Amino acid sequence: MNLYNTYIEEIEARKAEGLHAKPIDDAALTREIVAQIKDASHPDRAGSVKFFIYNTLPGTTSAAGEKAKFLKEIILGGTIVPEITPKFAFELLSHMKGGPSVEVLLDLALSDDMTVAQPAAEVLKTQVFLYEDDTNRIEEAFKAGNAVAKDILESYSDAEFFTKLPEVNEEIKVVTYIAAEGDISTDLLSPGNQAHSRSDRELHGKCLITELAQQEIQALKLQHPDKQVMLVAEKGTMGVGSSRMSGINNVALWTGKQASPYVPFVNYAPIVAGTNGISPIFLTTVGVTGGVGVDLKNWVKKVDVDGKPILNNDGNPILEQKYSVETGTVLTINTKYKKLFNEAGDEELADMEASFTPQKVEFMRAGGSYAIVFGKKLQSFACEALGIPLKSAFAPAKEITHAGQGLTAVEKIFNANSVGVTPGTILHAGSDARVKVNIVGSQDTTGLMTSQELEAMAATRLSPSVDGAYQSGCHTASVWDLKAQANTPRLMAFMHKFGLITARDPKGVYHAMTDVIHKVLNDLTVDDWAIIIGGDSHTRMSKGVAFGADSGTVALALATGEATMPVPESVKVVFKGQMADHMDFRDVVHATQTQMLQQFGENVFQGRIIEVHIGTLLADQAFTFTDWSAEMKAKASICISEDDTLVQSLELAKGRIQTMINKGMDNDAEMLQGLVEIADARIMQIRSGKKPALTPDENAKYFAEVVVNLDAIDEPMIADPDVTNADISKRYTHDTIRPISYYKAEKKVDLGFVGSCMVHKGDIKIVAQMLRNLEKANGDVEFKAPLIVAAPTYNIIDELKEEGDWSVLQKYSGFEFDDDDPKQNARTEYDNILYLERPGCNLCMGNQEKAAKGDTVLATSTRLFKGRVVEDSDEKAGESLLASTPVVVLSAILGRTPAIEEYKTAVEGIDLTKFAPPTQKPNGTRSLHF
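Residues numbered from 1 in each chain as written. Predicted model: local features only at pLDDT ≥ 70, side-chain atom pairs only at ≥ 80, totals over all residues. Heavy atoms only, no water.

Chemist: Tell me about the overall build of the protein, residues and numbers included.
Modeler: Across its full length, the protein holds 31 helices and 33 strands. Here the protein has a C-alpha radius of gyration of 28 Å; the compact-globule value for 930 residues is 30 Å, and the two agree. Each of the three principal axes of the protein carries a C-alpha extent, and together these read 90 × 70 × 65 Å. A sequence separation of at least 24 residues applies to 73% of the contacts in the protein between residues at least 6 apart. Surface summary for the protein: the accessible area is close to 35400 Å², and the carbon and sulfur share equals 50%. Averaging the coordinates of the 93 positive side-chain charges in the protein and doing the same for the 127 negative ones gives two points 2 Å apart. (Helix = DSSP H or I, 4+ residues; strand = E, 2+ residues; numbered from the N terminus. Rg over C-alpha atoms; globule rule 2.2 N^0.38 Å. Contact = heavy atoms within 4.5 Å. Areas by Shrake-Rupley, 256 points an atom, 1.4 Å probe, with all protein chains shown as cover. Lys, Arg positive; Asp, Glu negative; His and termini not counted. Charge placed at Lys NZ, Arg CZ, Asp CG, Glu CD.)

Rendered as structure tokens:
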């Protein structure tokens, strides 16, 4: 039994790391285990029984198929296992949650042997992860007169799988643990540089915060065995930056409850809190696991007699503490009154109405949102099959309508894609909505988790209602190390079989693509009325409306073609004035955030849609704005385009999709060809006037309106992590944005990075043109700091080669990627040269490449989180400052931030982004970004 012995060897190796046995997902190993269980004299029989019961993964894993088959054999008496009685076998099947286990239960329930049919039916009544093949069997048996099938359908029609679950406890006692002061990014909960281990939940759990924090959390649990640890972001927001299912999995692993005694390392019901609540995209992930998100509001702005905030010397509001959540504080959450109380329960500290909406309480009761989504579909199916009216057991969707009020752009999209809404109802912001999802993206560092989620919910193929779905390889593009070699092909094979377009072809027909997922999704989105879900916080398309999501929500969208969420409020962003010729559009984006804070004194974008009236910019350029909206803490962003601009963007997308088809990337369902046809149809609608580009109604209602004055943007801006700010809570936020003159041309830059999803073809052309200019002026170009350039896609590189720009970059490069001989090791030390890196996320992801510890990095990236791009050294905090491409390039050449006049000279004659408010005529010349 070679596989079993290898497994035992792996267990011994994991013990040295303080780990338990890895869960089993392999059919061949499970077959060996079953054979050893059947052999009464086998020396490893006892261990095999233990592994079979407690360590074999459920769902549609190949191991689950073998486990379900053996349990059926035991139930039918074909094999007698003293440790697993038929009754216990049924219990084990009930914890397997679908796929092979449901198939076995249906075999038994619909058989003529009532001694097994009845108990099988009772287990089936508790299951919700049924698909069309399963429900068709039940319906056919019912129509044939099978009484057990009728009994099962009647149970489903009453949603007994939900109504018989225990209610949520009226009181939840918690003990606090402050994870950090200030905004907590999901990098603290699940660091990007540990992305390779996310699918190994126990191993990945060791990267939560710090080892010391883990010990302190364990100590709190021992001191308070009757309470749950609540993780707190003091003076900040919890979970900014991304949805990151691995982050909430880690929190649940250390502070939550075990979902099943027979499924290792899968916990649920974590409780997380923040002074300023939970980041919207992370809050969705909390709901996936049936957890609780708490908006503490324990620090408030100090105000004067007129009610205006009192500012400190830095111009920031002074905060005063309403109540303490110091580590070890015991609090009481009352789910009935939806309030947070002190330990005794006699002093109200915070309102928790938003944490306990009827829908969120259902998630908590069911152990997560998936069970509710599938449960609703199952109840509807049963009622239809029985021919009876649906009396939903679930909280009715909140349908908010304001008579006479127009619709914002996002409200229009949600209404157009809504499912199950009362006929004739118009949904406004605040409504709950089930919506059809058009485009779904899965990225590679969360993809293995998405595949696990699909297996856990027993899904085997892509929902036919999804127009386009893509699995990327960009987050692990830089280094083809042993981890990537082990994980990536396995992921691509799974997703290809599931029905996605994959960056790497399991059959080896086309060249492996490491194109940045957001760029690909931006091209695959060929309808401005589309809804997009992607496994990354920067799923922020400039057509349609896109939502970054955790790996589980991505899995749900892939399996069902739907998503459920409230219709968000919107903030309208308009522009006035004229953009200076020497400015890059990245500076307009930074100015939007800065001017918004100046106008409102607080971040009105947080948790809302940014509806940006940007009409004259093509989708590639507009993506710079929508991409950054994640850093503005917005839920998503919508671009309002003029008709002609949208048509140009769709034609560009069509061309790129056709290139993918020409490379052989289309699948058997011809998904890519289908997208080309959707684009053609949309272009025809726009040109004919039948359905112009998406615009809001004139009488739409907005939470706020931000007016960006382009005339006020006179020098490039840098988003600074402000690592030395005396107020820890102000460090590593994206709100500290400064003009380059602030640095007086004195701030040393150790490394420059042009790459990530924030750049496109025009940015790489700018690099080439700046090198031409400097070479012409000085005879040569000398880098005083390394410059890393990572193009977003291979198509861009091909176009740059044709247009003569790539050869300029090659001339100054000391390293150029080679797909035939990819790097085996991550680079952490750099020479003062230009590095042409493989398309992909590169430094921005932080899981492979890193800057040297303590470096000051100037990047076009989006991430300035602590430790992401650069870690601290013993002597100096690492800094990741964010700026436009020309600023980054010039800073690498100078080895410092430039003076404004140096910058103007360097970009003279280069067409940067041309942008004018839609009410004005755009500049006549076309920039390098076209």
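Chemist: Let's hear about helix 1 (residues 2–15): which residues, and what values?
Modeler: The terminal C-alpha atoms of helix 1, which comprises 14 residues, lie 20 Å apart, in line with the 20 Å expected from a rise of 1.5 Å per residue. Turning to helix 1, the residues buried within the fold contact helix 2 (27–38), helix 3 (45–54) and helix 12 (201–205). (Expected span 1.5 Å × (residues − 1).)

Chemist: Pulling in residues and values, what's your account of the pattern of salt bridges?
Modeler: If you walk through the whole model with that rule in mind, you get 56 salt bridges. In this structure, arginine 14 and aspartate 200 form a salt bridge, with 2.8 Å as the shortest nitrogen-oxygen distance. Here aspartate 200 lies in the loop between helix 11 (186–189) and helix 12 and arginine 14 lies in helix 1, a separation of 186 residues in the sequence. Side by side, arginine 14 and aspartate 200 carry an identical accessibility label, which is buried. Each member of the salt-bridge network shares a partner with another, and the members are Lys761, Lys765, Arg772, Glu799, Glu803 and Asp805. (Salt bridge = Lys/Arg side-chain N within 4 Å of Asp/Glu carboxyl O. Buried < 20%, exposed > 50% of the residue type's maximum accessible area, 1.4 Å probe, protein only.)

Chemist: Account for the state of the cysteines, with residues named and values stated.
Modeler: The full count for this structure, using the stated rule, is 0 disulfides. Take cysteine 474: it sits in no disulfide, and the sulfur closest to it among the cysteines is that of cysteine 841, at 3.7 Å. Overall, the relative accessible area of 1% leaves cysteine 474 in the buried class. Cysteine cysteine 757 remains unbridged, with the sulfur of cysteine 844 as its closest cysteine sulfur at 5.8 Å. Accessibility expressed as a relative area gives 5% for cysteine 757, which makes it buried. (Disulfide = S-S within 2.5 Å.)

Chemist: If you had to explain the packing of aromatic side chains to someone new, which residues and values would you point to?
Modeler: Under the counting rule described, the total for this entry stands at 15 aromatic pairs. For the ring pair tyrosine 794 and phenylalanine 817, a centre distance of 6.2 Å and an interplane angle of 80 degrees mean the geometry is edge-to-face. One end of the pair, tyrosine 794, is in helix 28 (residues 794–803); the other, phenylalanine 817, is in the loop between strand 30 (813–816) and strand 31 (834–837), with 23 residues separating them in the sequence. Given the relative accessible area of 8%, tyrosine 794 is considered buried. On the accessibility criterion, phenylalanine 817 (17% relative accessible area) is buried. Every member of this aromatic cluster is reached through a ring pair, and the members are Tyr4, Tyr7 and Phe51. The aromatic ring of tryptophan 529 is capped on one face by lysine 691, whose charged end is 4.5 Å from the ring centroid. (Phe/Tyr/Trp six-rings, centres within 6.5 Å; stacked < 30°, edge-to-face > 60°. Lys NZ or Arg CZ within 6 Å of the ring centre and 35° of its normal.)

Chemist: Residues and numbers for the sheet that holds strand 25 (residues 704–709), please.
Modeler: With parallel pairing, the 4 strands of this open sheet are ordered in space as 24-23-22-25. At either end of the open sheet lies a strand with only one pairing partner, and these are strand 24 (636–641) and strand 25. Neighbour-to-neighbour, the strand axes of this sheet turn through a mean angle of 25 degrees, independent of strand direction. Helix 18 (residues 409–417) rests against strand 22 (570–576), strand 23 (609–615) and strand 24 of the sheet, and its axis sits at about 100 degrees to strand 24. (Pairing = 2+ DSSP bridges. Axes fitted to C-alpha atoms, helices over the stretch in contact; angles between N-to-C directions.)

Chemist: Tell me about the nonpolar core, and please be specific about residues and values.
Modeler: Counting residues in hydrophobic clusters, the biggest one holds 215 residues, and the most contacted among them are Ile84, Leu231, Tyr470 and Leu787. Counting residues per element, this core draws most heavily on helix 17 (residues 369–386), at 9 residues. (Core = buried A, V, L, I, M, F, W, Y, C linked by side-chain atoms within 4.5 Å.)

Chemist: Summarise helix 3; cite the residues concerned and give the values.
Modeler: Along an α-helix, residues three or four positions apart point the same way, because every turn accommodates 3.6 residues. Within helix 3, burial applies to Arg45, Ser48, Val49, Phe51, Phe52 and Ile53. In this fold, the buried residues of helix 3 make contact with helix 1, helix 2, helix 4 (62–75) and helix 5 (86–94).

Chemist: Explain the packing of helix 8 (residues 132–143) against helix 9 (residues 147–157) to me, using residue names and the numbers behind them.
Modeler: One way to put it is that helix 8 packs onto helix 9 with a least axis distance of 8 Å and a crossing angle of 125 degrees. Put simply, helix 8 runs oblique to helix 9. Remark: the crossing between helix 8 and helix 9 carries left-handed chirality. Contacts from Ile138, Ala141 and Phe142 of helix 8 reach helix 9 at Ala149, Lys150, Ile152, Leu153 and Tyr156. Looking at the contact of helix 8 with helix 9, its residues break down into 7 nonpolar, no polar and 1 charged. (Parallel < 35°, antiparallel > 145°, perpendicular 65-115°, else oblique. Left-handed = near helix turned anticlockwise from the far one by under 90°. Nonpolar A, V, L, I, M, F, W, Y, C, P; charged D, E, K, R; others polar.)

Chemist: Lay out the sheet that holds strand 8 (residues 292–295) with the relevant residues and their values.
Modeler: The 7 strands are arranged 8-7-3-1-11-12-13 in an open sheet whose pairing can be described as mixed. At either end of the open sheet lies a strand with only one pairing partner, and these are strand 8 and strand 13 (348–351). On average, each strand axis in the sheet is inclined to that of its neighbour by 30 degrees, with strand direction left out of account. As paired elements, strand 11 (residues 330–334) and strand 12 (residues 339–342) share 4 bridges and run antiparallel to each other. Bridge pairing links leucine 331 to asparagine 342 in strand 12.

Chemist: Please provide a residue-by-residue account of the environment of leucine 19, values included.
Modeler: With respect to the secondary-structure elements, leucine 19 resides in the loop between helix 1 and helix 2. Residue leucine 19 is classed as buried on the basis of its relative accessible area of 5%. Considering only alpha carbons, one finds leucine 19 and leucine 203, 184 residues apart in sequence, at a separation of 6.9 Å. Not counting the four nearest positions on each side in its chain, leucine 19 is found in contact with Arg14, Glu202, Leu203 and Lys206.

Chemist: An account of the confidence of the model for the protein is requested, with residue identities and associated values reported.
Modeler: Looking at the protein, the pLDDT average stands at 93 and 98% of residues meet or exceed 70. This stretch, residues 920–930, has a pLDDT under 50; its non-local contacts, to residues over four places away or in other chains, come to 32 contacts. (pLDDT = per-residue confidence, 0-100.)

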